[in-house]
Amino acid sequence: MLIYKVCVLWSMKQQTSTQTPPANGTQDIIGSAFATVSQRKLIRRRIYLDDENLSDGERVAVLQEVFHRGIRMRQIERLAKMMAPLGDGHPPPHVLIYGPTGTGKSVTCLHFLSAMQGVCAQKDISFQYFYVDLTTPHTCFGAFNELAIAMDGSVRRYRKGVALTEMQECIIAALNALNGVVCMLIDEPDTITRDQDTFLMFLAKTLPRKVQARLVYIFLTNQPEWERSLDPRILSVLKKQDMIFEPYDAMDLLEILKLRVEKALDPDKVNETALRKIAAMASRDTGDARKAVELLAKAAEAAEEGSGHLSEAEVDTAALRLESDKTRQLIDALAPQQHLALRACYYGLQKERRRLSTGLAYAWYHRLCSEECTKPLTQRRFSEMVSFLDLYGLVNACVTSKGRFGKTRDISQSLPSTVVADILGKLPPIERQDSLT
Ligand SMILES: Nc1ncnc2c1ncn2[C@@H]1O[C@H](COP(=O)(O)OP(=O)(O)O)[C@@H](O)[C@H]1O
Ligand SMILES: [Mg+2]
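Enquirer: Explanation requested: the sheet that holds strand β1 (residues 95-98) in the structure shown.
Expert: The strands that make up a sheet pair up through hydrogen bonds in the backbone, lying either parallel or antiparallel. In space, the five strands of this open sheet follow the order β2-β3-β4-β1-β5, with parallel pairing throughout. Of all strands in the sheet, those bounded by a partner on one side alone are β2 (127-133) and β5 (241-244). In this sheet, neighbouring strand axes are inclined to one another by 20 degrees on average, regardless of whether the strands run parallel or antiparallel. Judged from the seven bridges that link them, strand β3 (residues 181-187) and strand β4 (residues 214-221) form a sheet pairing that is parallel. Counted as the bridge partner of Val 181 is Arg 214 from β4. This element, helix α5 (residues 105-122), spans β1, β2, β3 and β4 of the sheet and lies at about 160 degrees to β2.

See below:
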């Protein structure tokens with residue numbers, strides 16, 4: 001009996017020792033997993049790829065590193081000449097800067113003004129600047145709020161319900177505590193939705209008379225025709241000078257991208273052809289540096305998921321991802337009925353396996369509505385929704401003539417299959433025959 005027990009214990013020990021891998025083997029597995037991750041690691045400092053989502057202070061610090069002065073040298077020199085009277089104690093002129101989005105208006109001015117502040121401090125000239133961010137739409141009250149916050153050190157203290165005059169008093173009081181020249185960088189005042197003239201009149205006429213500091217405004221806008229929409233009195237009071245930021249070309253964007261790669265990524269793992277491709281893609285549309293940097297960041301993420309090397313293939317993947325992200329955002333923002341119409345179109349297209357007429361799409365829409373216990377809209381309203389979806393590129397709907405039967409619209413797929421699968425995935429199960437026709 002004893003011999004039997006010993007035998008059983010010995011065989012159990014043998015079994016456990018074969019099941020547990022040796023300690024060295026596990027360490028090897030962990031070590032190789034670590035090595036794969038570090039081998040694929042491409043992004044070294046992510047902060048340099050996303051300067052726009054940083055706080056103002058951090059953004060200025062990041063821009064010190066990644067802002068490419070060389071390609072905006074002409075504009076910097078012109079700004080420096082305009083501000084030169086400051087050295088003799090004379091006030092510089094107001095400036096209005098035009099340029100399409102992503103041409104570096106905000107970053108160039110921020111960079112210039114922070115350098116200007118440094119030079120003035122050395123020369124004992126009293127100079128300060130404030131950045132007033134109106135890039136998201138604001139009402140007149142909202143714009144005053146942003147101005148008050150910019151003067152106050154970005155603490156949100158001004159809530160709704162505060163009188164406009166009270167806010168104006170706060171701004172005047174804050175400015176009265178300052179001397180010398182105060183420059184205000186007003187970014188995209190054209191987005192103010194209501195009473196734009198009230199805000200601008202306050203800046204141009206009221207403020208200079210109420211404060212002792214000399215005020216200089218730099219307005220930035222993407223709208224070339226903005227000036228024409230203003231009250232002429234504002235323009236005559238301001239006596240501004242104009243400046244244009246032309247779109248970046250592919251070579252400019254390539255320079256910007258190279259600097260980013262140097263600061264944010266591992267340059268040894270990035271192909272120059274990939275950078276050229278990004279620059280070409282971004283310059284093809286509007287020469288938008290924001291888009292180029294966004295594409296670089298996405299391509300770097302795609303590379304980290306794969307081989308760890310950024311080549312043209314990763315750029316293609318990133319471009320596709322960006323496009324489908326935007327489409328998804330657009331779909332998420334649709335009204336419930338528009339969403340139903342879109343799903344009806346794709347459901348119908350999938351089941352009919354051919355082009356879909358508006359009438360047939362409407363039949364599918366009806367069916368979906370009854371599944372969802374929603375009251376369907378009329379066919380005329382449905383057709384309007386299809387036109388809207390076509391306008392936003394969510395379906396293709398081209399008008400075809402059926403002779404004496406009138407006209408209809410042929411609906412076909414315009415979205416990538418992955419997005420379509422996503423839309424169809426959200427469908428409730430429909431009990432149906434194979435086709436409605
Ligand atoms: N000269 C440049 N050097 C480096 N990055 C730039 C440059 N110009 C633009 N960018 C990038 O493009 C983004 C958008 O620039 P921005 O100045 O906000 O454009 P705009 O104000 O003209 O719409 C910036 O956040 C920055 O990442
Ligand atoms: Mg801007």
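From this point on, the discussion continues.
Enquirer: Whenever I open this one, the site of ligand 1 confuses me. Can you help?
Expert: Taken together, 20 residues sit near ligand 1, with Asp 51, Gly 102, Lys 105, Ser 106 and Tyr 248 positioned nearest. In this structure, Gly 104 approaches ligand 1 through a main-chain N or O atom, which is 3.2 Å from an oxygen atom. Between ligand 1 and Val 107 there is a distance of 2.9 Å, counted from an oxygen atom to a backbone nitrogen or oxygen. Protein chains bury 99% of the 550 Å² of accessible surface belonging to ligand 1 in isolation. A per-element tally of the shell around ligand 1 places α5 first, with three residues. Split by residue class, the shell around ligand 1 holds eight nonpolar, six polar and six charged.

Enquirer: I keep staring at the pattern of salt bridges and nothing clicks. Help me out?
Expert: Any two side chains of opposite charge can pair, on the condition that their charged atoms come close. Inspection of the entire model under this criterion finds 18 salt bridges. Put simply, Arg 72 and Glu 246 hold a salt bridge, and the shortest N to O gap is 3.5 Å. On the criterion of sequence distance, the pair formed by Arg 72 in the loop between α3 (56-66) and α4 (73-83) and Glu 246 in the loop between β5 and α10 (250-264) is long-range, its members being 174 residues apart. By relative accessible area, Glu 246 is classed as partly exposed at 32%. For Glu 305, the salt bridge goes to Arg 321, with nearest N and O atoms at 2.9 Å. One end of the pair, Glu 305, is in helix α12 (residues 289-305); the other, Arg 321, is in helix α13 (residues 312-332), with 16 residues separating them in the sequence. Given the relative accessible area of 52%, Glu 305 is considered exposed. Here the salt bridges share partners, and the residues they tie into one network are Asp 51, Glu 52, Arg 59, Arg 260 and Arg 290.

Enquirer: For this particular structure, what's the right way to read the domain arrangement of the protein chain?
Expert: Where interface size is quoted, it is often the accessible area lost as the parts come together. Domain boundaries assigned for the protein chain yield domain 1 (51-244), domain 2 (250-330) and domain 3 (334-425). A straight line from the C-alpha centre of domain 2 to that of domain 3 covers 35 Å. Buried surface at the junction of domain 2 and domain 3, both sides included, amounts to about 500 Å², of which 69% is carbon and sulfur. Looking at the side of domain 2 facing domain 3, the largest losses of area belong to Thr 327, Arg 328 and Leu 330, adding up to 88% of the total buried there. At the junction of domain 2 with domain 3, the criterion picks out zero salt bridges. Run the count over domain 2 and domain 3 and you get one residue pair in polar contact (both at pLDDT 80 or more). Each residue belonging to the side of domain 2 that touches domain 3 can be placed in one class, and the counts come to one nonpolar, two polar and one charged.

Enquirer: Explanation requested: the packing of aromatic side chains in the structure shown.
Expert: The geometry of an aromatic ring pair is captured by two quantities: the separation of the ring centres and the angle between the planes. For the coordinates displayed, the defined rule picks out nine aromatic pairs. Relative to Phe 202, the ring of Phe 144 lies with its centre 5.1 Å away and its plane at 75 degrees, an arrangement referred to as edge-to-face. Separated by 58 residues along the polypeptide, Phe 144 in helix α6 (residues 140-152) and Phe 202 in helix α8 (residues 196-210) bring together distant segments of the chain. Neither residue differs from the other here; Phe 144 and Phe 202 are each classed as buried. With centroids separated by 5.8 Å and ring planes inclined at 35 degrees, the aromatic side chains of Tyr 217 and Phe 219 adopt a geometry described as tilted.

Cut-offs used in this document
Residues numbered from 1 in each chain as written. Chains lettered and ligands numbered in written order. Predicted model: local features only at pLDDT ≥ 70, side-chain atom pairs only at ≥ 80, totals over all residues. Heavy atoms only, no water. Pairing = 2+ DSSP bridges. Helix = DSSP H or I, 4+ residues; strand = E, 2+ residues; numbered from the N terminus. Axes fitted to C-alpha atoms, helices over the stretch in contact; angles between N-to-C directions. Contact = heavy atoms within 4.5 Å. Near = heavy atom within 4 Å. Polar contact = N/O pair within 3.5 Å; in protein donor to acceptor, adjacent residues only side chain to side chain. Areas by Shrake-Rupley, 256 points an atom, 1.4 Å probe, with all protein chains shown as cover. Nonpolar A, V, L, I, M, F, W, Y, C, P; charged D, E, K, R; others polar. Salt bridge = Lys/Arg side-chain N within 4 Å of Asp/Glu carboxyl O. Buried < 20%, exposed > 50% of the residue type's maximum accessible area, 1.4 Å probe, protein only. Domains from an automatic or database assignment. Buried area = accessible area lost by both parts, 1.4 Å probe. Phe/Tyr/Trp six-rings, centres within 6.5 Å; stacked < 30°, edge-to-face > 60°.

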